[in-house]
Amino acid sequence: MATQIFVNLPTSDLERAKSFFTGLGWRINPDFTDENAACVVVDEHIYLMVLTRDFFATFTDKPIADPSQSLQVETALSYDSREAVDQLLSKAMASGGREHREAQDMGFMYSRSFEDPDGNLFSALWMDPRAAEVGPEAFLEEQAGDGDG
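Residues numbered from 1 in each chain as written. Predicted model: local features only at pLDDT ≥ 70, side-chain atom pairs only at ≥ 80, totals over all residues. Heavy atoms only, no water.

Peer 1: Looking at this model, I keep getting lost on the overall build of the protein. Mind explaining?
Peer 2: Scanning the protein from N- to C-terminus turns up 5 helices and 8 strands. Ordered by position from N to C terminus, the α and β elements of the protein give β-α-β-β-β-α-β-α-β-β-β-α-α. Taken along the three principal axes of its C-alpha coordinates, the protein extends 60 × 35 × 30 Å. When each of the 149 residues of the protein is scored for burial, the buried share is 38%. For the protein, the proportion of contacts with a sequence separation of at least 24, taken over those separated by at least 6, is 51%. Of the charged side chains in the protein, 11 are positive and 27 negative, and the gap between their average positions amounts to 5 Å. (Helix = DSSP H or I, 4+ residues; strand = E, 2+ residues; numbered from the N terminus. Buried < 20%, exposed > 50% of the residue type's maximum accessible area, 1.4 Å probe, protein only. Contact = heavy atoms within 4.5 Å. Lys, Arg positive; Asp, Glu negative; His and termini not counted. Charge placed at Lys NZ, Arg CZ, Asp CG, Glu CD.)

Written out as structure tokens, the structure reads:
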């Protein structure tokens, strides 16, 4: 079985959160969704567990941060193209999200970030496959013609 990732996020409004994430094109797994939590299927092995703040608090003795005021985690997801990154941002904005920062374009990598309605931070990125293979520095050297030996 492949490793799966479950990112747990607090929400102050579970129905609003479900609407936002389905607006991104992600789906809700009803088998793991109730009045306290929603299992959002991002991809075959990536899930968000969006939990009401009270339910989230049952998993820890630490205070639950307000994601609109402080940042603990940024969830970054890779996509196959710049266009796919832009499409996700468009969906996020149309579903009630906010763009966190302007697009960052480093040539070999392109990224955009957004907040969900609770303030949880996400980024979407595309990286040139060659840059991912050899590393950004080697890729830039190749592009400049310095990697020919």
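Peer 1: Which parts of the structure should I look at to understand the sheet that holds strand β7 (residues 109–115)?
Peer 2: Across a sheet, strands are paired by hydrogen bonds formed along the backbone, either parallel or antiparallel in direction. Spatially, the 4 strands line up as an open sheet ordered β5-β8-β7-β6, and their pairing is mixed. Two strands bound the open sheet, and with one partner strand each, they are β5 (74–78) and β6 (98–105). Taken over all neighbouring pairs, the strand axes of this sheet differ in orientation by 15° on average, direction set aside. Examined bridge by bridge, β5 and strand β8 (residues 121–127) share 5 bridges and lie parallel to one another. Residue Ala76 lies in a different strand from β8, and its bridge partner there is Ser123. Sheet strands touched by helix α3 (residues 82–94): β6, β7 and β8. Its angle to β7, the strand with the most contacts, is close to 10°. (Pairing = 2+ DSSP bridges. Axes fitted to C-alpha atoms, helices over the stretch in contact; angles between N-to-C directions.)

Peer 1: I would appreciate a short explanation of the packing of aromatic side chains in the present structure.
Peer 2: The relative placement of two aromatic rings is captured by the distance of their centres and the angle of their planes. In this structure the tally under the stated criterion is 8 aromatic pairs. With 4.6 Å between their ring centres and 10° between their planes, Phe6 and Tyr47 make a pair best called stacked. With Phe6 in strand β1 (residues 5–11) and Tyr47 in strand β4 (residues 46–52), this pair connects stretches of sequence that are 41 residues apart. On the accessibility criterion, Tyr47 (13% relative accessible area) is buried. By the ring-pair criterion, three or more aromatic residues cluster together here, those being Phe20, Phe21, Trp26, Phe114 and Phe122. (Phe/Tyr/Trp six-rings, centres within 6.5 Å; stacked < 30°, edge-to-face > 60°.)

Peer 1: Where do I start with the pairing of β6 in this structure?
Peer 2: It is a general feature of regular strands that their side chains alternate between the two faces of the sheet. Alignment of β6 against β7, held across 5 bridges, turns out to be antiparallel. Paired with Glu99 across the strands is Phe114, a residue of β7. The antiparallel pairing of β6 with β7 creates a hairpin that spans 3 residues between the two strands, and Gly107 there sits at a positive phi of about 85°.

Peer 1: Help me understand the layout of surface pockets, please; the structure alone is not making it clear to me.
Peer 2: Empty space left among the atoms is revealed by rolling a probe the size of a water molecule over them. Here the largest pocket defines a volume of roughly 400 Å³. Lining the largest pocket we find 18 residues, and of these Asn8, Pro10, Phe56, Gln72 and Val73 sit closest to its centre. Considering each element in turn, the lining of the largest pocket owes the most residues, 5 residues, to β1. Looking at the lining of the largest pocket, its residues break down into 12 nonpolar, 6 polar and no charged. One number sums up the size of the second largest pocket: a volume of about 150 Å³. Looking at the lining of the second largest pocket, the elements that each hand over two or more residues are β3 (37–43) and β5. For the lining of the second largest pocket, the class distribution of residues is 5 nonpolar, 1 polar and 1 charged. (1 Å grid on protein atoms, 1.4 Å probe; cavity = no way out; pocket = protein on both sides within 12 Å on 5 of 7 lines; lining within 4 Å. Points joined across faces, edges and corners; volume = space filled by probe spheres on them. Nonpolar A, V, L, I, M, F, W, Y, C, P; charged D, E, K, R; others polar.)

Peer 1: Explain helix α1 (residues 14–23) to me, please; I cannot follow it from the model alone.
Peer 2: Owing to its 3.6 residues per turn, the α-helix aligns residues three or four sequence positions apart on the same side. Within α1, the full set of buried residues consists of Leu14, Ala17, Lys18, Phe20 and Phe21. Looking straight down α1, one finds that the buried residues subtend no more than 165° of arc, so they occupy a single side. For α1, the side-chain oxygen to backbone nitrogen distance between the N-cap and Glu15 is 3.3 Å, and the N-cap itself is Asp13. (Arc of directions from axis to C-beta. Polar contact = N/O pair within 3.5 Å; in protein donor to acceptor, adjacent residues only side chain to side chain.)

Geometric values such as these leave the question of function open.
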